[in-house]
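A closer look at the structure
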Amino acid sequence: MEFLLQPLTLLTFFPILGVVVILFMNSEMKNAIRWVALVTSLITFGISLWVLGQFNASNPDLQLEAKYAWIHVAGWNIYYYLAVDGLSILLVLLTAFLTPISILSTWTAVEDRVKDFMVFFLLLEVGMTGVFLAQDLFLFYIFWEFTLVPMYFLIGLWGGPRRVYAAIKFFLYTMAGSILMLVAILFLGIQTNTFNIPQMLVRLPDLYATGTITAGTQMLLFLAFTAAFAIKVPMWPLHSWLPDAHVEAPTAGSVILAGVLLKMGTYGFLRFNIPLFPNAAIQAAPWIALFATIGIIYGAAVSFAQADMKKLVAYSSVSHLGFVMLGLFALNPQGVAGAILQMVNHGLSTGALFLLIGMIYEQTHTREIKVYGGLWKITPVFGTLMLISSLSSMGLPGLNGFVGEFTILLGAFGSKAIGNPWYAGISAIGVIMAAIYILYMFQKVFLGPAGEITHHHDLKDLNWREIATVIPLIIFMFWIGLYPKPFFDILAPAVEKLLSALPL
């Protein structure tokens, strides 16, 4: 009973309760199934707020630990070990926040096999939350791999015309990187005699100092973890699975994919690559900055060339997550804190854009930019929410995107690890490019003369459910943009502790 009542255990596995209830329901009871899934995810969000209430922001260590012996074989102890700190609490909250919003967005968009859809969606939430909370590498790997299964089915069964191709590509890309990480996890476990991450962090410095793990081996381990996380982010040039997955996924799948699943990659760099392999991280920082900068410029340039709104936003993620990687490997407080906040910002702004594009697609069944035009006069509420989300995504001051990108560039400019301010200087051009492609899309869709779709369709403005789906995201865009201090206060102690262990 004590195990079940641990706050983090409840938070991680409460969606399972909703899954069990849904499994016993008749498939024809579609609305009842939707309500069960929504209420389950809302209660899970409530539990996440309870966890936040117990979280001590001034404490940089792991908190609310749930640690139990799980597997004991041939002298090996593997633990069920969940805990949260300043590096993960915002991402846990983001996961619990975006899940009910995504479910609400499916109310009329998903009519086929609603029961199966909601089961997979709630299971996906379990996996994502577990990834951010696991403190044993064995347990982390299970959660990491588990997320592939429900996401594969969400894309493959409820996606667009090329859904099977996109689902297989998503699965194979992420699985290939994970295999290298698994080999590295096994090596680390054998060398340190544990999979417990805090214990590993205590034992590894001695192994590095005595040469038991050489500098070359440390770099190979760093690269093995990098393979898994860089594909998931995705970093250029490993991004080609992302546009297909985003375009073919149902709206709710795109929101969770952009909002949370991609952050599992950046979180992996933050939680594992930097603290477990500090010297390799410092050596690799200029190269990561180079690839991140290329990704920022490439993603922005390719976004401008897209004719499909959803594909444009998908490519913009490559650019925005390039900023996150640049901030992480600046390896200073400004860069790392800005990067974590930008993970949240990207989830909010890109999540809102995917939701809004999905809402207009539900009416017109097309996302082609050229067939729209003059939409503002017909759907002013939709246009207003789209404008705010677009300005947030391009980093306008006063909205959340600006705060994250400003602190990242500030950190990158003064970074000893990156060692060259030109990376930050060139990356700043990406902010300008974002304004160009975002405003281009907005102008073509909402302003000017009525396009083919706008002219011939009886388009309706957003209803109360659709407005309620997007408004929470808008509130956070303004909150973080106007008063980010509470968010930075949560991050600062854990970020300082992480960086204090680096030999910089």
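Residues numbered from 1 in each chain as written. Predicted model: local features only at pLDDT ≥ 70, side-chain atom pairs only at ≥ 80, totals over all residues. Heavy atoms only, no water.

Below, the discussion takes up the overall build of the protein chain. Assigned secondary structure in the protein chain consists of 21 helices and 2 strands. In terms of C-alpha radius of gyration, the protein chain reaches 22 Å, essentially the compact-globule figure of 23 Å for 504 residues. Principal-axis analysis of the C-alpha atoms gives the protein chain an extent of 75 × 55 × 40 Å. Buried residues in the protein chain amount to 62% of all 504 residues. Taking the contacts inside the protein chain whose residues are at least 6 apart along the sequence as the reference set, 80% of them involve residues at least 24 apart. A total of about 18400 Å² of accessible surface is found on the protein chain, and carbon and sulfur atoms cover 69% of it. Counting 23 positive and 24 negative side-chain charges, the protein chain places the centres of these two groups 4 Å from one another. (Helix = DSSP H or I, 4+ residues; strand = E, 2+ residues; numbered from the N terminus. Rg over C-alpha atoms; globule rule 2.2 N^0.38 Å. Buried < 20%, exposed > 50% of the residue type's maximum accessible area, 1.4 Å probe, protein only. Contact = heavy atoms within 4.5 Å. Areas by Shrake-Rupley, 256 points an atom, 1.4 Å probe, with all protein chains shown as cover. Lys, Arg positive; Asp, Glu negative; His and termini not counted. Charge placed at Lys NZ, Arg CZ, Asp CG, Glu CD.)

Moving on: the side chain of Asp136. Among the structural elements, Asp136 can be located in the loop between helix H4 (114-133) and helix H5 (137-146). Nearest to the buried, unbridged Asp136 among oppositely charged side chains is Lys67, at 8.2 Å. A distance of 3.3 Å separates the side chain of Asp136 from the backbone nitrogen of Tyr79, its partner in a polar contact. Those residues in contact with Asp136 that lie beyond four places of it in its chain are Ile78, Tyr79, Tyr81, Phe195, Asn196 and Ile197. (Salt bridge = Lys/Arg side-chain N within 4 Å of Asp/Glu carboxyl O. Polar contact = N/O pair within 3.5 Å; in protein donor to acceptor, adjacent residues only side chain to side chain.)

According to the stated counting rule, one finds 10 salt bridges in the structure shown. The salt bridge partner of Arg162 is Asp244, with a shortest N-O separation of 3.4 Å. With a gap of 82 residues between them, Arg162 in the loop between helix H6 (148-158) and helix H7 (163-192) and Asp244 in helix H10 (residues 241-248) connect regions that are remote in the sequence. Judged by relative accessible area, Arg162 falls into the partly exposed class, the value being 42%. Here Lys370 and Glu368 are joined by a salt bridge, their closest N and O atoms 3.8 Å apart.

For the rest of this paragraph, the subject is the environment of Arg162. Between the C-alpha atom of Arg162 and that of Arg113, which follows or precedes it by 49 residues, the distance is 19 Å. Not counting chain neighbours up to four residues away, the residues in contact with Arg162 comprise Asp244 and Glu248. Within the structure, Arg162 has its side chain in polar contact with the side chain of Asp244 (distance 3.4 Å).

For the rest of this paragraph, the subject is the packing of helix H13 (residues 309-328) against helix H14 (residues 333-364). For the pair H13 and H14, the least separation of the axes is 8 Å and the interaxial angle reads 175 degrees. Regarding the angle of H13 to H14, the classification is roughly antiparallel. The residues of H14 that touch H13, namely those facing Met309, Lys310, Val313, Ala314, Ser317, His320, Leu321, Val324, Gly327 and Leu328, are Gly335, Val336, Ala339, Gln342, Met343, His346, Thr350, Leu353, Phe354, Ile357 and Ile360. Its residues assigned to classes, the contact of H13 with H14 comprises 13 nonpolar, 7 polar and 1 charged. (Axes fitted to C-alpha atoms, helices over the stretch in contact; angles between N-to-C directions. Parallel < 35°, antiparallel > 145°, perpendicular 65-115°, else oblique. Nonpolar A, V, L, I, M, F, W, Y, C, P; charged D, E, K, R; others polar.)

Right, let's talk about helix H18 (residues 422-446) for a bit. Counted at 1.5 Å a residue, the expected span for H18 with its 25 residues is 36 Å, and the 37 Å between its end C-alpha atoms agrees. If you check which residues of H18 are buried, you get Tyr423, Ala424, Ser427, Gly430, Ala434, Ala435, Tyr437, Ile438, Met441, Phe442, Val445 and Phe446. Where H18 is buried, its residues contact helix H12 (278-304), H13, helix H15 (375-378), helix H16 (380-394) and helix H17 (400-413). Following H18 by one or two positions, Gly448 adopts a phi angle in the positive range, close to 75 degrees. (Expected span 1.5 Å × (residues − 1).)

These figures capture arrangement, not role.
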